[in-house]
Amino acid sequence: MTPGVLNTLKERLAREVGDASVSHGMLVLVLAPADLLGIVQRLKSELQFDLFLDVTAVDWPGQTPRFEVVYHFYSTAHRVRVRLKTRVPEADPAVESLVPLYGSAHYMERECHDMYGIVFRGNPDLRPILLYEGFVGHPLRKDYPKRQEQPLVPYRS
Amino acid sequence: MDVKLPNPVRSAFEKTERDDTVIVNIGPSHPATHGTIQIIAELDGENVVRADVHCGYLHRGFEKECESHTWHNLIPYVDRLNYCSGLINDFAYCEAVEELMGIQLTPRCKVLRTLLSEYSRIADHLTCIAASLMELGAMTAFLYLIMIRDFIYEHLADLTGARVTYTYGRIGGLARDLPPGWLSRLEEILGEYEIFVGRVHGLMDRNRIFIDRTRDVGVISTADAINWGFTGPILRSTGAPRDLRKDTPYLAYAELDFEVPVGIKGDNYDRYYVRMREMDESVHMIRQLVDMLPEGPINVDDRRCTLPEKRLVYTEIESLINHFKLIMEGPQVPAGDAYVAHEAPNGELGFYIVSTGTGTPYKVHVRAPSFVHMGGVHRLMEGYQLADIIPTFGSVNMIGGECDR
């Protein structure tokens, strides 16, 4: 990765984003949930981050806000990645959906919703994807016990 | 048993859009679904109008399980993500941890990891092409390709002790060095590869039946492929030369001479051909890597992750304690997060790891190419015939282990 591109991007975005830093060769932007859609729109249209790679969350129980939603984008033109982080509270774990911008957001947001209960406002289809219909809770939250079982079909004894 | 069992999925559409179409369920357990995937399709005659793809039948809580083992203990587990090329998963995961720890690999380890990654890529592509050709009835091509794959599996078993799930990567190095004679057998297998893949080219490339089933079927444009998150051979088959080995070189790829094969229209035939050409490039790379393989240690000299020599563990108290700490508490990875991506045979395989400074990961997230591809695969099916789902699905090479985690 060329550090030149990273620094240019950092300078261009630092004015709008409070916290921009380079960590392990990747530009990391920390922003408020309300700014997310605007920044992603700029990343896509002006800075050519055309590939939406990944969305996941990190659960930090005891901290407020509790959930950190982490996005990764890749620019096939600049060949760099950028990571976006935003914090959402436990009471209203909601962010704007990126479905209007990227098709791949459909499935990846469904997975994040499954695992952490993050609500992506604007994603029309948040049905379970890796879990099954009627699963109670969100297994990757730290307060979901690892050994808890909820079989869909009763075990044969 | 007359108990009505609950349905694990809720279809995106219960009713047909028109009154002359029908809804058909395909899978999850079907020989052509490669693992377990369910496709609910609305058909107009033979044509697929809409498709709703469900995965998750192989979900086993990989990411949850990772949070209660040491960093080292996860290596056998990441093997089972893409079980056709377990070594690439090993190396990508280890590199993510090494990135956080700030470890530089030894030159020999770097070259060996690159060599084994390319070797695994051949095995993975062979599996994918063989299976999708067999589903079209090409049994001879299947047997030729699977035979070479089995040579590779047996050869990797000589090195690692296992045919499929190798557990060969280590944080900061590899489990063991090459056994004697391994490289000469490697050259023999590459020779066999060239003979038999040449025959498959002869059997398939200009085969009327094969072309009719794959040309202009499952077409996707570059812009659509990027929008739907496709990476790897699927993106390259549309004509975009995007390959992480060239674009963001890691391991020893910057020192190698290789081409990035691309397709012309992004259909099933292009995906077949891109994979065939990529295997040739891998062979070319392996030969360069064998020539440049340096002597020296394969593990870094770093107490934080490398186990001390067994001889020292039995004779010195410092090494005994070091060994005990590494096994019982795990390598202490500095707090922080890192995302490391390798070009896996199917596309971008990324590991996003979060550490709080202990011997156990706080979070491990896998950006599995197969899972993202399943989000866009309906685009390759809609508008084509029901029977086209089979070659299309074969050319996407969904791997249940990494898709469902």
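On a predicted model such as this, the values are computed, not experimentally measured, just so you know.

1. A look at the overall build of chain A
Part 1 of the argument: Looking only at helices and strands, one finds three helices and seven strands in chain A.
Part 2 of the argument: Taken from N to C terminus, the helices and strands of chain A fall in the order α-β-β-α-β-β-β-β-α-β.
Part 3 of the argument: Principal-axis analysis of the C-alpha atoms gives chain A an extent of 65 × 35 × 25 Å.
Part 4 of the argument: For chain A, the residues scored as buried account for 40% of the 157 residues in total.
Part 5 of the argument: Residue pairs in contact within chain A that sit at least 24 positions apart in sequence constitute 47% of those at least 6 positions apart.

2. Thoughts on the overall build of chain B
Part 1 of the argument: A count of helices and strands for chain B gives 17 helices and eight strands.
Part 2 of the argument: Relative to the globule expectation of 22 Å for 405 residues, the C-alpha radius of gyration of chain B, 22 Å, shows essentially globular dimensions.
Part 3 of the argument: The principal-axis extent of the C-alpha atoms belonging to chain B is close to 80 × 50 × 45 Å.
Part 4 of the argument: Within chain B, contacts between residues at least 6 apart in sequence are counted, and of these 70% link residues at least 24 apart.

3. Things to note about the nonpolar core
Part 1 of the argument: Val 69, Phe 73 and Ile 118 of chain A together with Tyr 93, Val 97, Phe 351 and Ile 353 of chain B are the most contacted members of the largest nonpolar core, which totals 157 residues.
Part 2 of the argument: The contact partners of Phe 351 of chain B, leaving out residues within four places of it in the chain, are Ala 92, Tyr 93, Ala 96, Val 340, Val 364 and Val 366 of chain B.

4. What to know about the environment of Met 115 of chain A
All names here are of chain A.
Part 1 of the argument: Inspection of the secondary structure puts Met 115 in helix H3 (residues 105-116).
Part 2 of the argument: Sequence spacing of Met 115 and Arg 87 is 28 residues, and the spatial spacing of their C-alpha atoms is 16 Å.
Part 3 of the argument: Residue contacts for Met 115: discarding those within four places in its chain leaves His 138, Pro 139 and Leu 140.

5. Section: the interface of chain A and chain B
Part 1 of the argument: Taken together, the 35 residues of chain A in the interface contact 37 residues of chain B.
Part 2 of the argument: For the side of chain A that touches chain B, the secondary-structure elements that each account for two or more residues are strand E3 (51-59), strand E4 (67-75), strand E5 (80-88) and H3 of chain A.
Part 3 of the argument: The greatest single-element share of the side of chain A that touches chain B, amounting to six residues, is contributed by E3 of chain A.
Part 4 of the argument: Grouping the constituent residues of the side of chain A that touches chain B by class yields 18 nonpolar, eight polar and nine charged.

6. Points about helix H16 (residues 389-396) of chain B
Quick reminder: α-helices carry 3.6 residues per turn. Residues three or four places apart thus point the same way.
Residues and elements named next belong to chain B.
Part 1 of the argument: Most of H16 sits inside the fold, with seven of its eight residues counted as buried.
Part 2 of the argument: Three or more residues of H16 are buried, namely Ile 389, Pro 391, Thr 392, Phe 393, Gly 394, Ser 395 and Val 396.
Part 3 of the argument: Once H16 finishes, Asn 397 follows within two positions and takes phi at roughly 55°, a positive value.

7. Comments concerning the environment of Leu 349 of chain B
All names here are of chain B.
Part 1 of the argument: Its place among the elements puts Leu 349 in strand E7 (residues 347-355).
Part 2 of the argument: It is 15 Å that separates the C-alpha atoms of Leu 349 and Val 396, two residues lying 47 residues apart in sequence.
Part 3 of the argument: With residues up to four places along the chain from it excluded, the contact list for Leu 349 reads Ile 88, Asn 89, Ala 92, Ala 341, His 342, Ala 344, Arg 367, Ala 368 and Pro 369.

8. With respect to the packing of helix H11 (residues 268-292) of chain B against H16 of chain B
Residues and elements named next belong to chain B.
Part 1 of the argument: Axis separation between H11 and H16 bottoms out at 9 Å; the angle between their running directions is 30°. As summarised for this structure, H11 and H16 are arranged roughly parallel, according to the angle between their axes. Crossing of H11 against H16: the hand is left-handed. Along its contact with H11, which presents Asn 268, Arg 271 and Tyr 272, the element H16 presents Pro 391, Thr 392 and Ser 395.
Part 2 of the argument: Taken together, the residues that form the contact of H11 with H16 break down as two nonpolar, three polar and one charged.

9. Concerning the sheet that holds strand E3 (residues 47-54) of chain B
Residue and element names in this part refer to chain B.
Part 1 of the argument: Spatially, the three strands line up as an open sheet ordered E1-E2-E3, and their pairing is antiparallel. The two strands at the open ends of the sheet, each matched to only one other strand, are strand E1 (22-26) and E3. On average, each strand axis in the sheet is tilted by 20° relative to the strand beside it, whichever way the strands run.
Part 2 of the argument: Pairing of strand E2 (residues 38-44) with E3 involves seven bridges; the strand directions are antiparallel. Considered in E3, the bridge of Ile 39 is made with Val 53.

10. Observations concerning the confidence of the model for chain A
Interpretation of the predicted coordinates at a detailed level should be avoided for regions scoring low in pLDDT.
Part 1 of the argument: In this model, chain A carries an average pLDDT of 85, and 93% of its residues clear a pLDDT of 70 or more.
Part 2 of the argument: Across chain A, element-level confidence peaks in E4 of chain A with a mean pLDDT of 92 and bottoms out in helix H1 (residues 3-14) of chain A with 68.

11. Quick notes on the pairing of strand E1 (residues 19-23) of chain A
Residues and elements named next belong to chain A.
Part 1 of the argument: Pairing of E1 with strand E2 (residues 26-31) involves five bridges; the strand directions are antiparallel. The residue of E2 that forms the bridge with Ala 20 is Leu 29.
Part 2 of the argument: A loop of two residues connects E1 with E2, the two strands running antiparallel in sequence, and His 24 in this loop sits at a positive phi of about 50°.

12. Re the environment of Ile 39 of chain A
Part 1 of the argument: With respect to the secondary-structure elements, Ile 39 of chain A resides in helix H2 (residues 36-45).
Part 2 of the argument: Owing to 20 C-beta atoms within 10 Å, Ile 39 of chain A belongs among the buried residues under this scheme.

13. Some points on helix H4 (residues 107-135) of chain B
Part 1 of the argument: Along its 29 residues, H4 of chain B runs 43 Å from first to last C-alpha, staying within 8% of the 42 Å computed at 1.5 Å per residue.
Part 2 of the argument: At the C-terminal side of H4 of chain B, Gly 137 of chain B shows a positive phi close to 95°.

14. So, unusual backbone geometry
Part 1 of the argument: In this model, Thr 64 of chain A is joined to Pro 65 of chain A through a cis peptide bond whose omega is -10°.
Part 2 of the argument: Its identity as a non-glycine residue notwithstanding, Leu 251 of chain B has a phi of 45°, on the positive side.
Part 3 of the argument: Residue placement: Leu 251 of chain B occurs in the loop between helix H10 (244-247) and H11.
Part 4 of the argument: With 22 C-beta atoms counted inside 10 Å, the residue Leu 251 of chain B sits in the buried group.

Criteria and cut-off values
Residues numbered from 1 in each chain as written. Chains lettered and ligands numbered in written order. Predicted model: local features only at pLDDT ≥ 70, side-chain atom pairs only at ≥ 80, totals over all residues. Helix = DSSP H or I, 4+ residues; strand = E, 2+ residues; numbered from the N terminus. Buried ≥ 20, exposed ≤ 12 C-beta atoms within 10 Å, placed from the backbone. Contact = placed C-beta atoms within 7 Å. Rg over C-alpha atoms; globule rule 2.2 N^0.38 Å. Core = buried A, V, L, I, M, F, W, Y, C linked by C-beta atoms within 7 Å. Nonpolar A, V, L, I, M, F, W, Y, C, P; charged D, E, K, R; others polar. Axes fitted to C-alpha atoms, helices over the stretch in contact; angles between N-to-C directions. Parallel < 35°, antiparallel > 145°, perpendicular 65-115°, else oblique. Left-handed = near helix turned anticlockwise from the far one by under 90°. Pairing = 2+ DSSP bridges. pLDDT = per-residue confidence, 0-100. Expected span 1.5 Å × (residues − 1).

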